[in-house]
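# Report on the structure
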Amino acid sequence: GDSVTQTEGLVTLTKGLPVMLNCTYQTTYSPFLFWYVQHLNEAPKLLLKSSTDNKRTEHQGFYATLHKSSSSFHLQKSSVQLSDSALYFCAQYQGGRALIFGTGTTVSVSP
Amino acid sequence: EAAVTQSPRNKVAVTGGKVTLSCNQTNNHNNMYWYRQDTGHGLRLIHYSYGAGSTEKGDIPDGYKASRPSQENFSLILELATPSQTSVYFCASGDEGQLNERLFFGHGTKLSVL
């Protein structure tokens, strides 16, 4: 069945460094992929989304490219800030039914 | 921005008791969802609805019922609460049709079943 895999549970890094969070998916349908971010004690919010193969999508300094050939939608940022510390979820539509989420990656940025 | 309000924000229940979690959205979205969030599992879909009067089972519906009496309201019901249902529950509504839909989440309900 459809699934989303995030391999890193926790990523710790220093302010100013680049980050990449991995996301791979499985689906028998045309893929629609999303990244949601959840700051501490807040609700998850949409960060960015894509359904177009090999096209980079960007928002708030974060970017991701959907690669259907490798079933991936990795999230990247060139220079992380303290405010980027949060829980990041990759998600996709499950057979046109509802959104399913990966297990999430916690990003912790230190000064 | 779409507003989704959950109540209560915190709830302590006893094993075997009945728990009702409520969700209200004010943006006239057709689709509404209930997820639970647990460490190591991310967000898992319990029930969802395409409109008033409809409910559908998600990936983990056992032990839960849902009710959508109106466009604005979507409830999650635990008839016989168990400690394994201790979790944070999120309600969400969707602003478009399927596939490209953006979800707007409430702030969550932290449920502890003792």
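These notes cover the structure that comes with them. (Residues numbered from 1 in each chain as written. Chains lettered and ligands numbered in written order. Predicted model: local features only at pLDDT ≥ 70, side-chain atom pairs only at ≥ 80, totals over all residues. Heavy atoms only, no water.)

It is worth spelling out the pairing of strand β5 (residues 42–49) of chain B at this point. All names here are of chain B. Across the eight residues of β5, seven count as buried, placing the element largely inside the fold. Two strands pair when backbone bridges link them, and strand β4 (residues 31–38) and β5 are joined in this way by seven bridges, in the antiparallel orientation. Paired with Gln-37 across the bridge in β5 is Leu-43. Linking two consecutive strands that pair antiparallel, namely β4 and β5, is a turn of three residues; a positive phi of about 85° is found at Gly-40 within it. Note: β5 against strand β6 (residues 56–57), two bridges, orientation antiparallel. Across the sheet, Tyr-48 pairs through a bridge with Glu-56, a residue of β6. Taking the residues that link successive antiparallel strands as the turn, the β5-β6 hairpin has six residues, and the phi of Gly-53 there is positive, at about 90°. (Buried < 20%, exposed > 50% of the residue type's maximum accessible area, 1.4 Å probe, protein only. Helix = DSSP H or I, 4+ residues; strand = E, 2+ residues; numbered from the N terminus. Pairing = 2+ DSSP bridges.)

We describe a pair of aromatic rings using the distance from one ring centre to the other and the angle between the two ring planes. Throughout the structure, instances matching the rule amount to 15 aromatic pairs over all chains. Arranged with centres 5.3 Å apart and planes meeting at 90°, the rings of Phe-101 of chain A and Tyr-35 of chain B form a pair that is edge-to-face. Note that Phe-101 of chain A is positioned in strand β11 (residues 98–101) and Tyr-35 of chain B in strand β4, a pairing that runs across two chains. Classification of Tyr-35 of chain B as buried rests on a relative accessible area of 0%. One aromatic cluster is present, built from ring pairs that chain together Phe-34, Tyr-36, Phe-89, Tyr-93 and Phe-101 of chain A together with Tyr-33, Tyr-35, Tyr-48, Tyr-50, Phe-90 and Phe-105 of chain B. Directly above the aromatic system of Tyr-63 of chain A lies the positively charged group of Arg-56 of chain A, at a separation of 3.7 Å from the ring centroid. (Phe/Tyr/Trp six-rings, centres within 6.5 Å; stacked < 30°, edge-to-face > 60°. Lys NZ or Arg CZ within 6 Å of the ring centre and 35° of its normal.)

Often, the extent of an interface is quoted as the loss of accessible area on bringing the components together. Contacts between chain A and chain B engage 22 residues on the former and 24 residues on the latter. Buried surface at the junction of chain A and chain B, both sides included, amounts to about 1,900 Å², of which 53% is carbon and sulfur. The largest per-residue losses of area from chain A upon contact with chain B belong to Tyr-93, Arg-97 and Phe-101 of chain A, which jointly make up 28% of the total buried on that side. Linking chain A with chain B are zero salt bridges, by the criterion used here. Summed over the shared surface of chain A and chain B, the number is three residue pairs in polar contact (both at pLDDT 80 or more). When residues of the side of chain A that touches chain B are traced back to their parent elements, those giving at least two are β5 (33–38), β6 (45–50), β10 (86–94) and β11 of chain A. (Contact = heavy atoms within 4.5 Å. Buried area = accessible area lost by both parts, 1.4 Å probe. Salt bridge = Lys/Arg side-chain N within 4 Å of Asp/Glu carboxyl O. Polar contact = N/O pair within 3.5 Å; in protein donor to acceptor, adjacent residues only side chain to side chain.)

Once that is clear, we can look at empty space enclosed by the protein. The probe, sized like a water molecule, is rolled over the atoms to show the empty space still left. All names here are of chain A. According to the stated counting rule, one finds one cavity of 30 Å³ or more in the structure shown. In this model, the largest cavity occupies a volume close to 40 Å³. Residue lining of the largest cavity: Val-19, Leu-21, Phe-62, Leu-75, Val-80, Asp-84, Tyr-88 and Val-107, and that is the complete set. Classifying every residue of the lining of the largest cavity by side-chain character gives seven nonpolar, no polar and one charged. (1 Å grid on protein atoms, 1.4 Å probe; cavity = no way out; pocket = protein on both sides within 12 Å on 5 of 7 lines; lining within 4 Å. Points joined across faces, edges and corners; volume = space filled by probe spheres on them. Nonpolar A, V, L, I, M, F, W, Y, C, P; charged D, E, K, R; others polar.)

What follows is about the sheet that holds strand β7 (residues 56–59) of chain A. All names here are of chain A. Taken in spatial order, the four strands line up as β3-β9-β8-β7 in an open sheet, and their pairing is antiparallel. In this open sheet, the two strands that pair with only one neighbour each are β3 (19–21) and β7. Looking at each pair of strands side by side, their axes are set apart by 20° on average, direction ignored. (Axes fitted to C-alpha atoms, helices over the stretch in contact; angles between N-to-C directions.)

Now for the nonpolar core. Counting 24 residues, the largest nonpolar core has Leu-21, Trp-35, Leu-47, Leu-48, Leu-75 and Tyr-88 of chain A as the members making the most contacts within it. If near-sequence neighbours (up to four positions away) are discounted, Leu-21 of chain A is found in contact with Glu-8, Val-11, Trp-35, His-74, Leu-75, Tyr-88, Thr-105 and Val-107 of chain A. Among the nonpolar cores identified, the runner-up in size contains 21 residues, and Tyr-33, Leu-43, Phe-90 and Leu-103 of chain B belong to it. (Core = buried A, V, L, I, M, F, W, Y, C linked by side-chain atoms within 4.5 Å.)

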